[in-house]
Amino acid sequence: MRIEIHHALDGVTGWDAAVATAPVFYQRPFLQAFEDTPLHPVLRHAYLCAPPGDPDPSRPGIAVPVTLQHGVDPMRVLAEHFPAAHQRPVLLSHVWHCYETTLPGADTDQETTATVVRTLRDLAGQWDAGHFGFVNVPADSPTAAALERLGMTPVPAENGHGLDITPFHSLDAYLATLPSKPRRNLTHDLRRAEEAGVVTEIQPPQKADLDGFVELARRTAAKYGNADYNRPASSRHSYWHWATAPGSSNSAAPGT
């Protein structure tokens, strides 16, 4: 299998088909927006891609975005688990805002996953990255299992929480599933908001108060000493898989 490395998403063929069932963080609009206006400093972008059917006609396409970063550690995972990482850039798949990292087209095929990891390791060496890894990989996912089988070292990041809302046809249907106390609390809060004249609207980004959203995000992050994560100029769940790049002295390399 031959994996192509592109440094800009524009013009990459086969990407959309490869990520058709992947989370939104792999879709072209999100990645293109992050490439054009990154939410945190990025030194370089790369997109690892292989067309479907290469060389096996039944093999799906590969699509793995990566970014080279330095000094970005919003959840202090690097500081706590890899304190020497701040000395050199790190190569990550793919950005901190992606809280559901997967390997589209790779995690069902161990050989393909191994090829992706080798390619990422080689690129980390070329770009003088001290470490490379996969951030925010759900601990119970096929991607996590595939990376661990390759000997990559998992470290905990933080717990993620999700809710499948497809069974609920309305807010009342969801509230009916809650225990009595939280249901009463939420109903009370909704009633108070209605009495205060609060109106909720869904608007396109062009009409939404993005500056107000960023200010709210910054104030919320400031409570945890991380106000600079969402920078003023621009507008995860639970596992990391991390490996040491060639030449690094860190002891948390695959297989150790």
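Residues numbered from 1 in each chain as written. Predicted model: local features only at pLDDT ≥ 70, side-chain atom pairs only at ≥ 80, totals over all residues. Heavy atoms only, no water.

### Brief notes about the environment of Gly-130
Within the element layout of this structure, Gly-130 appears in the loop between α4 (110–126) and β5 (131–134). For Gly-130, a relative accessible area of 3% gives the class buried. Distance in space between the C-alpha atoms of Gly-130 and Leu-91 is 8.1 Å, their sequence separation being 39 residues. (Helix = DSSP H or I, 4+ residues; strand = E, 2+ residues; numbered from the N terminus. Buried < 20%, exposed > 50% of the residue type's maximum accessible area, 1.4 Å probe, protein only.)

### Topic: the pairing of β5
Side chains of β5 alternate between two faces, with His-131 and Gly-133 and Phe-132 and Phe-134 buried alike. Across four bridges, strand β4 (residues 90–93) lies against β5 in parallel orientation. Residue pairing in the sheet places Leu-92 in a bridge with Gly-133 of β5. Handedness of the crossover joining β4 and β5 through α4: right-handed. (Pairing = 2+ DSSP bridges. Right-handed = clockwise from strand over helix to strand, strands pointing away.)

### Concerning the pattern of salt bridges
Side-chain pairs of opposite charge can arise where the charged atoms are in close proximity. Inspection of the entire model under this criterion finds four salt bridges. Residues Glu-4 and Arg-2 are paired through a salt bridge, measuring 3.2 Å at the closest nitrogen-oxygen approach. Owing to a relative accessible area of 25%, Glu-4 belongs among the partly exposed residues under this scheme. (Salt bridge = Lys/Arg side-chain N within 4 Å of Asp/Glu carboxyl O.)

### Focus on the confidence of the model for the protein chain
Where the model shows low pLDDT, its predicted coordinates should not be examined in detail. In this model, the protein chain carries an average pLDDT of 81, and 84% of its residues clear a pLDDT of 70 or more. Per-element mean pLDDT across the protein chain ranges from 46 in strand β7 (residues 239–244) up to 94 in helix α7 (residues 180–195). In this model, residues 230–256 is a region of pLDDT below 50 whose contacts with residues beyond four sequence positions or in other chains number 114 contacts. (pLDDT = per-residue confidence, 0-100. Contact = heavy atoms within 4.5 Å.)

### What about the packing of aromatic side chains?
Throughout the structure, instances matching the rule amount to five aromatic pairs. Considering the side-chain rings of Trp-15 and Tyr-47, the 5.6 Å spacing of their centres and the 90° angle between planes classify their relative orientation as edge-to-face. Pair noted here: Trp-15 is in helix α1 (residues 15–18) and Tyr-47 is in strand β2 (residues 44–50), with a separation of 32 residues, a long-range link. Taken individually, Trp-15 and Tyr-47 each receive the classification buried, so the pair is uniform in this respect. (Phe/Tyr/Trp six-rings, centres within 6.5 Å; stacked < 30°, edge-to-face > 60°.)

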